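# Working through the structure, step by step
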Amino acid sequence: MEKIVKDFLENQNLKKDEFVELIRAYKDPEAVEALKTRAVELRKKYYGDQVFTRGLIEFTNYCKNDCYYCGIRKSNRNADRYRLTEEEILTCCENGYELGFRTFVLQGGEDPYYTDERMESIIRKIKKGWPDCALTLSIGEKSYDSYKRFKEAGADRYLLRHETADAVHYGQLHPETQKLSERMDCLWNLKKLGYQVGAGFMVGSPGQTDDCLAEDLVFLQKLKPQMVGIGPFIPHHDTRFAQEPAGSVELTLYLLSVIRIMLPKVLLPATTALGTMDPRGREKGLERGANVVMPNLSPVKNRKAYELYDNKICTGEEAAECRGCLSRRVESVGYHLVSDRGDAVE
Ligand code: 5AD
Ligand code: FES
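Residues numbered from 1 in each chain as written. Chains lettered and ligands numbered in written order. Predicted model: local features only at pLDDT ≥ 70, side-chain atom pairs only at ≥ 80, totals over all residues. Heavy atoms only, no water.

- The name given to the chain in an unreviewed UniProt entry is [FeFe] hydrogenase H-cluster radical SAM maturase HydE, with Hominiventricola aquisgranensis as the source organism.

The following block contains the structure:
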């Protein structure tokens, strides 16, 4: 086995160039096995065989941003736009609670319709209706004051993938008006405000090099987020990246193990994108260090329209009840879905 893998198992504080070497070992079966073993050991130590679940409510696919990879970016004229009403959102929570969810994730495009006032109202109603549940927001870049207001209204967690920690690469994925430094400032602000914070990136996005991925790992090491979301890039037919190849499932799985080892207590989802690229992708993710799944709780009528990438799973009628499906999938690899807020362990 390559020396760098042993070095990493002993001391996770690698330099960027060493992370590049570690990433390049992903095709070495011995490296894969060694990292997988340690990752599973650590996830078992802190979380046993429990898998936490989050009910994902995709409440708007309007977006003022224009990320080149994303199917709901503003310049996609073909996107079939929708917004859920406050009432519809609360119905999702009601159904979700019945199904056993104790965390709700409100995710949406950066939609100006949802002013801070409207968001505050939704947050307060959810926290009042289901006080034993955690509420996670995933609504993009906002000012410090907005984040503060949402926190005071009761939001507990915030997901904001940094997408890539390499500024040049960030520029290849986003228009000039979107800046990596601003995104990172948001993450630091969220931390300062006491949110449990989630960062993350796509694996295999166009222009990504091993160097970029190493930079992502260095950034995670610095930020020490409580949650990390990673999944393979998947092209969307109405974007400039329609013809680009999708990211590698194997590399994504390898990085899940690396991240578990770097941040042993991290809340690490086996993502929908991973499940889209491989029918057993999420199960494989759990076997490599992931400990969270995020099934869809959005109304079935809207699911198809929240299309960040092509062939997204769980968007048809048959997926009305993702929780049951996922529960069986989780059991198939020897873990158990639990009905719990699923906070990070101290
Ligand atoms: N492929 C994979 N993931 C994507 N995301 C957006 N577009 C794509 C795509 N084409 C991810 C981004 C975003 C998250 C909500 O979905 O990382 O942060
Ligand atoms: Fe949605 Fe399986 S998780 S149908």
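### Observations concerning helix α10 (residues 249–262)
- Taking 1.5 Å per residue as the helical rise, α10 with its 14 residues ought to reach 20 Å, and the 20 Å between its terminal C-alpha atoms agrees with that figure.
- α10 sits mainly inside the fold: 13 of its 14 residues count as buried. (Helix = DSSP H or I, 4+ residues; strand = E, 2+ residues; numbered from the N terminus. Expected span 1.5 Å × (residues − 1). Buried < 20%, exposed > 50% of the residue type's maximum accessible area, 1.4 Å probe, protein only.)

### Comments concerning the site of ligand 1
- As a structural note, the neighbourhood of ligand 1 is formed by Tyr69, Cys70, Arg161, Glu163, Met202, Pro232, Phe233, Ile234, Leu308 and Tyr309.
- At 2.7 Å from a nitrogen atom of ligand 1 is found a main-chain nitrogen or oxygen belonging to isoleucine 234.
- Taking 400 Å² as the accessible area of ligand 1 by itself, protein coverage stands at 87%.
- Among the residues forming the shell around ligand 1, the class breakdown is eight nonpolar, no polar and two charged. (Near = heavy atom within 4 Å. Polar contact = N/O pair within 3.5 Å; in protein donor to acceptor, adjacent residues only side chain to side chain. Areas by Shrake-Rupley, 256 points an atom, 1.4 Å probe, with all protein chains shown as cover. Nonpolar A, V, L, I, M, F, W, Y, C, P; charged D, E, K, R; others polar.)

### Comments concerning the packing of aromatic side chains
- Tallying each qualifying case throughout the model produces eleven aromatic pairs.
- Here tyrosine 147 and tyrosine 195 contribute two aromatic rings whose centre-to-centre distance is 6.5 Å and whose plane-to-plane angle is 75°, an arrangement assigned as edge-to-face. With a gap of 48 residues between them, tyrosine 147 in helix α6 (residues 144–153) and tyrosine 195 in the loop between α8 (180–192) and β6 (196–203) connect regions that are remote in the sequence. With respect to burial, tyrosine 147 and tyrosine 195 carry one shared label: buried.
- Here the aromatic rings of phenylalanine 233 and phenylalanine 241 are separated by 6.3 Å at their centres, their planes lie at 85°, and the arrangement is edge-to-face.
- Pairwise contacts between aromatic rings join Phe59, Tyr113 and Tyr114 into one cluster.
- Across the ring face of tyrosine 62, the terminal group of arginine 83 is positioned such that the distance to the ring centre comes to 3.8 Å. (Phe/Tyr/Trp six-rings, centres within 6.5 Å; stacked < 30°, edge-to-face > 60°. Lys NZ or Arg CZ within 6 Å of the ring centre and 35° of its normal.)

### Things to note about the sheet that holds strand β7 (residues 227–232)
- Reading across from one edge, β2-β3-β4-β5-β6-β7 is the order of the six strands in this open sheet, with parallel pairing throughout. At either margin of the open sheet sits one strand with a lone partner, and together these are β2 (55–60) and β7. Adjacent strand axes in the sheet meet at a mean angle of 20°, parallel and antiparallel pairs treated alike.
- Where strand β5 (residues 157–159) meets β6, three bridges bridge the pair, whose relative direction is parallel. Bridge pairing links tyrosine 158 to valine 197 in β6.
- Across the sheet, α8 is in contact with β5 and β6; its angle to β6 comes to roughly 155°.
- Against the sheet, helix α9 (residues 210–223) engages β6 and β7, with an angle of about 175° to β6. (Pairing = 2+ DSSP bridges. Axes fitted to C-alpha atoms, helices over the stretch in contact; angles between N-to-C directions. Contact = heavy atoms within 4.5 Å.)

### Some thoughts on the UniProt feature "domain: Radical SAM core" (unreviewed entry) in the chain
- According to UniProt, the positions carrying the feature "domain: Radical SAM core" (unreviewed entry) are residues 49–271.
- As annotated, residues 49–271 comprises 39% helix and 17% strand, and the C-alpha atoms at either end are separated by 18 Å. (UniProt positions renumbered as here; feature names shortened; annotations may be inferred.)

### Points about helix α1 (residues 3–10)
- Within the sequence span of α1, burial applies to Ile4, Val5, Phe8 and Leu9. Along α1, the residues classed as buried sweep out an arc of 140° about the axis, all on the same side. Seen from the buried face of α1, the exposed residues on the opposite side, beyond 90 degrees, are Lys3 and Glu10.
- On the buried face of α1, the contacting elements are α2 (16–24), α3 (29–47) and α10. (Arc of directions from axis to C-beta.)

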